[in-house]
Amino acid sequence: MIEWDKINLNGHDYTTVRATLYKRDGTKLYKDPLLLMTTIEVNSYLEAKEIYPIYLLRSKIESVFKFLKEALGWEEFQVRDWESIKNLIAICFFVGGYFYEIDSELTKNATIIMICDLGGGKGKITHHFFLQGLKKLLIAESVNQFRDEHNISDELYAQMQAYAGIAPE
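Fair warning: this is a prediction, and the values are worked out from it, not measured in the lab.

(A) Here's a closer look at the pairing of strand 1 (residues 2–9). Pairing of strand 1 with strand 2 (residues 12–19) involves eight bridges; the strand directions are antiparallel. Counted as the bridge partner of N8 is D13 from strand 2. Joining the antiparallel neighbours strand 1 and strand 2 is a turn of two residues, in which N10 adopts a positive phi near 50°.

Here it is in structure tokens:
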């Protein structure tokens, strides 16, 4: 069930859409209806119905933001040049968007499957496990670069691992 109405807040026009979603058996999917607000003008039932799929895209964007913040530390950039920061964010969003576009193909790719397993997927191929796997790969690469920069021997690295409670291989 979809309802919509226009609202003006501080001189700006918005549309509110209230969507009640039902399962196939007729029971409500959520206890309460979703209340969505958009700047998109809605004048018909079909236009109102399209707001929900657009809203679903938000979770994909949010997962990319979360990945950028947690794995890449985008809030703690070493680079302070605004143009470089904008370029890095644009590249990350391009890559994230690309992965979402080719989603069905990724589930068949052996490398993607392995990255999801590294991310804790245990056979599940999801965006979450893929991003967790990428995070671990980025951490491993960071450690390898640190070892190279500081000429850390395997023996010293094993000692460092022992401090972290990691049994050396």
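On we go.
(B) Broad picture of the packing of helix 4 (residues 110–118) against helix 5 (residues 127–149). Look at helix 4 against helix 5: their axes get within 7 Å of each other, and the N-to-C directions meet at 80°. Taken as axis vectors, helix 4 and helix 5 run roughly perpendicular relative to one another. Residues I112, I115, C116 and L118 of helix 4 touch helix 5, and the partners they reach there are F129, F130, G133, L134, K136 and L137. In the contact of helix 4 with helix 5, the residues fall into eight nonpolar, one polar and one charged.

(C) Structural detail: a nonpolar patch on the surface. Taken together, the side chains of W4, Y45 and L46 present a nonpolar region at the surface, about 320 Å² in accessible area. Topologically, Y45 is positioned in helix 1 (residues 45–70).

Cut-offs and rules
Residues numbered from 1 in each chain as written. Predicted model: local features only at pLDDT ≥ 70, side-chain atom pairs only at ≥ 80, totals over all residues. Heavy atoms only, no water. Pairing = 2+ DSSP bridges. Helix = DSSP H or I, 4+ residues; strand = E, 2+ residues; numbered from the N terminus. Axes fitted to C-alpha atoms, helices over the stretch in contact; angles between N-to-C directions. Parallel < 35°, antiparallel > 145°, perpendicular 65-115°, else oblique. Contact = heavy atoms within 4.5 Å. Nonpolar A, V, L, I, M, F, W, Y, C, P; charged D, E, K, R; others polar. Patch = residues over 30% accessible without salt bridge, like charges linked within 9 Å, V, L, I, M, F, W, Y side chains within 5 Å. Areas by Shrake-Rupley, 256 points an atom, 1.4 Å probe, with all protein chains shown as cover. Salt bridge = Lys/Arg side-chain N within 4 Å of Asp/Glu carboxyl O.

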